[in-house]
Amino acid sequence: MEKLTAKYCDTCSKMLSADKYHCPKCFSEDLEVRDLSGKGEVYSYTNIFIAPKQFADKAPYYIILVDLEEGQRVTARYNGEDVKIGEKVEFENIEDRALYFKPAVG
């Protein structure tokens with residue numbers, strides 16, 4: 001099973017939103033990859049009806065912004081029927097460099 005990860009700066013404790021080689025806050029290169037919970041809440045979404053050619057067979061589909069428990073906001077695809085702002089979601093997998101989230105169980 002794939003895990004959702006992020007880099008953390010061991011010097012200033014900043015969580016990085018991109019795959020960097022140094023911390024943009026303190027410029028330290030002392031970075032560590034940590035597992036994230038994969039749990040979050042839908043901040044916003046859009047429904048894609050007319051998709052780019054490579055995704056046309058998947059339309060319509062949802063693109064969501066997820067506020068993760070750790071404080072990061074990520075863009076992802078939604079594997080569910082209908083989505084609502086504030087809905088609890090959890091990480092499912094990574095496919096073609098895209099994050100996929102599904103409705104949280106329980």
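Right above here is the structure, for reference.
Everything numeric in this text was worked out from a predicted model, so none of it was measured. (Residues numbered from 1 in each chain as written. Predicted model: local features only at pLDDT ≥ 70, side-chain atom pairs only at ≥ 80, totals over all residues. Heavy atoms only, no water.)

A.B. asks: Just give me the short version of unusual backbone geometry, but keep the residues and values in it.
C.D. replies: The phi torsion of most residues other than glycine is negative, and most of the peptide bonds are trans. In this chain, Ala59 is followed by Pro60 through a cis amide linkage whose omega measures -5°. Structurally, Pro60 can be placed in the loop between β4 (39-48) and β5 (61-68). Although it is not a glycine, Ser13 sits at a positive phi angle of roughly 65°. One non-glycine residue, Phe27, lies in positive phi territory at about 65°. (Helix = DSSP H or I, 4+ residues; strand = E, 2+ residues; numbered from the N terminus.)

A.B. asks: Help me get a handle on the layout of surface pockets, residues and values and all.
C.D. replies: Space inside the largest pocket adds up to approximately 330 Å³. Looking at the lining of the largest pocket, the element that brings in the most residues is strand β1 (residues 5-9), giving three residues. Its residues assigned to classes, the lining of the largest pocket comprises nine nonpolar, three polar and four charged. Both domains that furnish three or more residues to the lining of the largest pocket are identified here as domain 1 (5-35) and domain 2 (39-103). (1 Å grid on protein atoms, 1.4 Å probe; cavity = no way out; pocket = protein on both sides within 12 Å on 5 of 7 lines; lining within 4 Å. Points joined across faces, edges and corners; volume = space filled by probe spheres on them. Nonpolar A, V, L, I, M, F, W, Y, C, P; charged D, E, K, R; others polar. Domains from an automatic or database assignment.)

A.B. asks: Help me get a handle on the sheet that holds strand β6 (residues 73-78), residues and values and all.
C.D. replies: Here we have five strands rolled up into a closed barrel, ordered β4-β5-β6-β8-β7, and mixed in their pairing. Going across the sheet, the axis of each strand differs from the next one's by a mean of 45°, ignoring polarity. Pairing analysis gives six bridges linking β5 to β6, with the strands arranged antiparallel. When the bridges of β6 are listed, Asp67 appears paired with Arg73. (Pairing = 2+ DSSP bridges. Axes fitted to C-alpha atoms, helices over the stretch in contact; angles between N-to-C directions.)

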